[in-house]
Amino acid sequence: MDLEDYILNHIDAEPENLYRLDRDTHLQLLYSRMCSGHLQGRLLKMLVRMINPKMVLELGTYSAYSALCLAEGLTDDSCHVHTIEIEDELEDFIREHLAQSLFGHRVTLHIGDAADIVPTLGETFDLIYIDANKRDYVAYYHLVMPYLRQGGFIIADNTLWDGKVADGIEHHDAQTQGILAFNDLVASDPRVEKVILPLRDGLTLIHKLT
Ligand SMILES: C[S@@+](CC[C@H](N)C(=O)[O-])C[C@H]1O[C@@H](n2cnc3c(N)ncnc32)[C@H](O)[C@@H]1O
């Protein structure tokens, strides 16, 4: 048994609907590796339980696995997740799986570019999950900060980018450059507390102080 199997055998089981969603993602969609999956999904749900947000924003829905984990962690139906996905061909898949979940009614899907949609939502958020295009993480940070309440949290996924941020090799691709610039920006921002968890592809937790 490898370490990942050991971990998965010693944490909460993956709910049946999320197991099916993960399977459908792998069977029906391209780039299924982008799906959060069992371990990260249970962590997202627990982080929501700990933070206790009323309003959550997600950039990058993909197959809605993470959106449903965020929704599952909410206290009750007065709390809500807004999730934004730019690829309109994912819409039917996402809506079908939101409809099949006990928590799908807590999620509003917006199809379009996060840069266009975030300013139109008219909400202030307690928790923002950044998981869209790695090239644009710096722009997302500047985009969402005005809509994050003081004391709120950002969780940013993929911030270790397969270890490329610190493997001693110069990576010139736009995605690695985007993540490097984001990590430097967050590290030097005195408005926030920050910690990077080396879980899966790296998860940065950011706490807005002022
Ligand atoms: C890593 S996947 C998201 C995975 C999902 N959050 C999960 O954990 O299961 C990134 C998604 O962001 C979407 N995306 C990329 N650029 C975007 C943008 N500017 N606005 C909204 N979504 C975007 C992509 O189409 C893709 O589906």
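To start, this report covers the structure provided alongside it. If you're wondering where the values come from, they're calculated on a predicted model, not measured in any experiment.

## A closer look at the overall build of the protein
Then, in step 1: When helices and strands are counted, the protein shows eight helices and seven strands.
Then, in step 2: Here the C-alpha atoms of the protein give a radius of gyration of 16 Å, agreeing with the 17 Å that 2.2 N^0.38 yields for 210 residues.
Then, in step 3: C-alpha atoms of the protein, sized along the principal axes, occupy 45 × 40 × 35 Å.
Then, in step 4: The buried share of the protein, taken over its 210 residues, is 37%.
Then, in step 5: In the protein, 71% of the contacts between residues at least 6 apart in sequence involve partners at least 24 apart.

## With respect to the nonpolar core
In a soluble, globular protein the nonpolar side chains are often hidden away together inside.
Then, in step 1: The biggest cluster of nonpolar side chains holds 46 residues, and the ones touching the most others in it are L68, L70, A71, I128, I130 and I154.
Then, in step 2: Looking at this core element by element, the count peaks at six residues for helix 4 (residues 65-73).
Then, in step 3: Discounting chain neighbours no more than four positions away, the residues touching A71 are V81, F103, R106 and V107.

## Section: the sheet that holds strand 3 (residues 107-111)
Hydrogen bonds between backbone groups are what pair the strands of a sheet, and the pairing can be parallel or antiparallel.
Then, in step 1: Read from one edge to the other, the open sheet built from seven strands follows the order 3-2-1-4-5-7-6, with strand pairing classed as mixed. The open sheet has two edge strands with one neighbour each: strand 3 and strand 6 (192-197). The mean inter-strand angle of the sheet, taken between neighbouring strand axes irrespective of direction, is 15 degrees.
Then, in step 2: When strand 6 meets strand 7 (residues 203-208), the two strands line up antiparallel, connected through six bridges.

## Observations concerning the pairing of strand 7
Then, in step 1: With five bridges joining them, strand 5 (residues 148-157) and strand 7 adopt antiparallel strand pairing. Among the inter-strand pairings, F153 is bridged to a residue of strand 7, identified as H207.

## Thoughts on unusual backbone geometry
Note: most residues except glycine have negative phi, and most peptide bonds are trans.
Then, in step 1: The backbone phi angle of Y31 is positive, close to 60 degrees, even though this residue is not glycine.
Then, in step 2: Note that Y31 resides in the loop between helix 2 (16-28) and helix 3 (37-51).
Then, in step 3: Residue classification places Y31 among the exposed positions, given that 9 C-beta atoms sit within 10 Å.
Then, in step 4: One non-glycine residue, R200, lies in the positive phi region at around 50 degrees.
Then, in step 5: Structurally, R200 is set in the loop between strand 6 and strand 7.

## A word on the environment of N133
Then, in step 1: Mapped onto the secondary structure, N133 falls in the loop between strand 4 (125-130) and helix 7 (137-144).
Then, in step 2: You can call N133 partly exposed: it has 16 C-beta atoms within 10 Å.

## What to know about helix 2
Then, in step 1: With 13 residues, helix 2 should reach 18 Å at 1.5 Å per residue; the first-to-last C-alpha distance of 18 Å fits that figure.
Then, in step 2: For helix 2, the set of buried residues is L18, L21 and T25. Buried positions in helix 2, seen along its axis, are confined to an arc of 55 degrees and lie on one side of it. Exposed side chains of helix 2 directed beyond 90 degrees from the buried face belong to E16, Y19, R23 and L27.
Then, in step 3: Packed against the buried residues of helix 2 are helix 3, helix 4 and helix 5 (91-100).

## Section: helix 8 (residues 174-187)
Then, in step 1: The first and last C-alpha atoms of helix 8 sit 20 Å apart over 14 residues, in line with the 20 Å expected at 1.5 Å per residue.
Then, in step 2: Among the residues making up helix 8, those that are buried are G178, I179, F182, N183 and V186. Along the long axis of helix 8, the arc covered by the buried residues comes to 130 degrees, so they all point the same way. Every exposed residue of helix 8 that faces more than 90 degrees away from the buried side is listed here: A174, D184 and A187.

## Regarding the site of the ligand
Then, in step 1: Around the ligand, the structure places 18 residues, and the nearest of them are S36, G60, Y62, S66 and A114.
Then, in step 2: Among the secondary structure elements, those contributing two or more residues to the shell around the ligand are helix 4 and strand 2 (80-85).
Then, in step 3: Classifying every residue of the shell around the ligand gives nine nonpolar, five polar and four charged.

Definitions and cut-offs
- Residues numbered from 1 in each chain as written.
- Predicted model: local features only at pLDDT ≥ 70, side-chain atom pairs only at ≥ 80, totals over all residues.
- Helix = DSSP H or I, 4+ residues; strand = E, 2+ residues; numbered from the N terminus.
- Rg over C-alpha atoms; globule rule 2.2 N^0.38 Å.
- Buried ≥ 20, exposed ≤ 12 C-beta atoms within 10 Å, placed from the backbone.
- Contact = placed C-beta atoms within 7 Å.
- Core = buried A, V, L, I, M, F, W, Y, C linked by C-beta atoms within 7 Å.
- Pairing = 2+ DSSP bridges.
- Axes fitted to C-alpha atoms, helices over the stretch in contact; angles between N-to-C directions.
- Expected span 1.5 Å × (residues − 1).
- Arc of directions from axis to C-beta.
- Near = placed C-beta within 6 Å.
- Nonpolar A, V, L, I, M, F, W, Y, C, P; charged D, E, K, R; others polar.

It is worth stressing that arrangement in space is one thing and function is another; only the former is reported here.
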